[in-house]
Amino acid sequence: MSVLGKPTRAEIQNPATRYGKAKASTRHFITQRITGAINIVFSIFIIWFVVSLASRAPAEMIELARNPFVAIGLALLVVNVSIHMRNGMRDTIEDYFDKGEHGWAMLANNLFVGCFFVVALGAIAKLVFWG
């Protein structure tokens, strides 16, 4: 290691040097690509949903959101977006933060995504079960 804790050119070029687990990196790469592709499909769903809400009364909007197929679609969208968002921000954090700041940034990322996940699913559950 160099003085600043960053790897030297020789360490990077050495294939025996390990920067984390190879299987975890491959899983992360594949997950990011799959969730991105699924988000494209969900974008068609969300466009349909927003267009369907146009010029409806608030009671009709709630009834549309209470439809089991729509509610399940929205819940799956929240799950997929949460996974994709966490992985994408993880890539950014790994690129731009040093090791000392890395842990705190990852914690903040996980907390933000967790809060988004809970609040979004809670809002969908409130619409479905309590109108």
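Residues numbered from 1 in each chain as written. Predicted model: local features only at pLDDT ≥ 70, side-chain atom pairs only at ≥ 80, totals over all residues. Heavy atoms only, no water.

Student: Tell me about the overall build of the protein, residues and numbers included.
Tutor: A tally of regular secondary structure across the protein gives five helices and zero strands. Listed N to C, the secondary structure of the protein is α-α-α-α-α in terms of helices and strands. Expressed as a percentage of the 131 residues in the protein, the buried residues total 21%. Considering only intrachain contacts with a sequence separation of at least 6, the fraction spanning at least 24 residues in the protein is 65%. (Helix = DSSP H or I, 4+ residues; strand = E, 2+ residues; numbered from the N terminus. Buried < 20%, exposed > 50% of the residue type's maximum accessible area, 1.4 Å probe, protein only. Contact = heavy atoms within 4.5 Å.)

Student: So what's going on with the packing of aromatic side chains? Which residues, and what values?
Tutor: With the rule as written, the count across this model stands at four aromatic pairs. For the pair Phe 42 and Phe 45, a centre-to-centre distance of 6.5 Å together with 70° between the ring planes defines the contact as edge-to-face. You can see Phe 42 and its partner Phe 45 sitting in helix H2 (residues 22-53), three residues apart, about one turn around the helix. An identical accessibility class is assigned to Phe 42 and Phe 45; each is buried. Three or more aromatic residues joined by ring pairs make a cluster, and in this case those are Phe 42, Phe 45, Trp 48 and Phe 49. (Phe/Tyr/Trp six-rings, centres within 6.5 Å; stacked < 30°, edge-to-face > 60°.)

Student: I'd like a rundown of the packing of helix H4 (residues 68-96) against helix H5 (residues 99-130), residues and numbers included.
Tutor: At their nearest, the axes of H4 and H5 sit 10 Å apart, and the two run at 170° to each other. Between H4 and H5, the interaxial angle falls into the category roughly antiparallel. Here the residues of the contact of H4 with H5 are counted per class, giving 19 nonpolar, four polar and three charged. (Axes fitted to C-alpha atoms, helices over the stretch in contact; angles between N-to-C directions. Parallel < 35°, antiparallel > 145°, perpendicular 65-115°, else oblique. Nonpolar A, V, L, I, M, F, W, Y, C, P; charged D, E, K, R; others polar.)

Student: Lay out the pattern of salt bridges in plain terms, naming residues and giving numbers.
Tutor: By the definition in use, this model includes one salt bridge. A salt bridge links Arg 90 to Glu 94; the nearest nitrogen and oxygen atoms lie 3.1 Å apart. Linking Arg 90 with Glu 94, this pair stays in helix H4, spanning four residues, or about one helical turn. For Glu 94, a relative accessible area of 38% puts it in the partly exposed group. (Salt bridge = Lys/Arg side-chain N within 4 Å of Asp/Glu carboxyl O.)

Student: Quick one: what's the story with the side chain of Ser 82, residue by residue and with numbers?
Tutor: Of note, Ser 82 is situated in helix H4. We classify Ser 82 as buried; its relative accessible area is 5%. With sequence-adjacent residues up to four places away left out, Ser 82 is seen in contact with Val 113, Phe 116 and Phe 117.

Student: Describe in detail unusual backbone geometry, supporting the description with residues and values.
Tutor: Backbone geometry at Ser 55 places phi at a positive 55°, although glycine is not the residue there. Assignment of secondary structure puts Ser 55 in the loop between H2 and helix H3 (58-66).

Student: Got a sec to walk through the packing of H3 against H5? Specific residues and values, please.
Tutor: Where H3 contacts H5, the axes come no closer than 8 Å and their chain directions differ by 105°. Taken as axis vectors, H3 and H5 run roughly perpendicular relative to one another. Across the interface between the two elements, Ile 62, Ala 65 and Arg 66 from H3 touch Leu 127, Val 128 and Phe 129 from H5. Here the residues of the contact of H3 with H5 are counted per class, giving five nonpolar, no polar and one charged.

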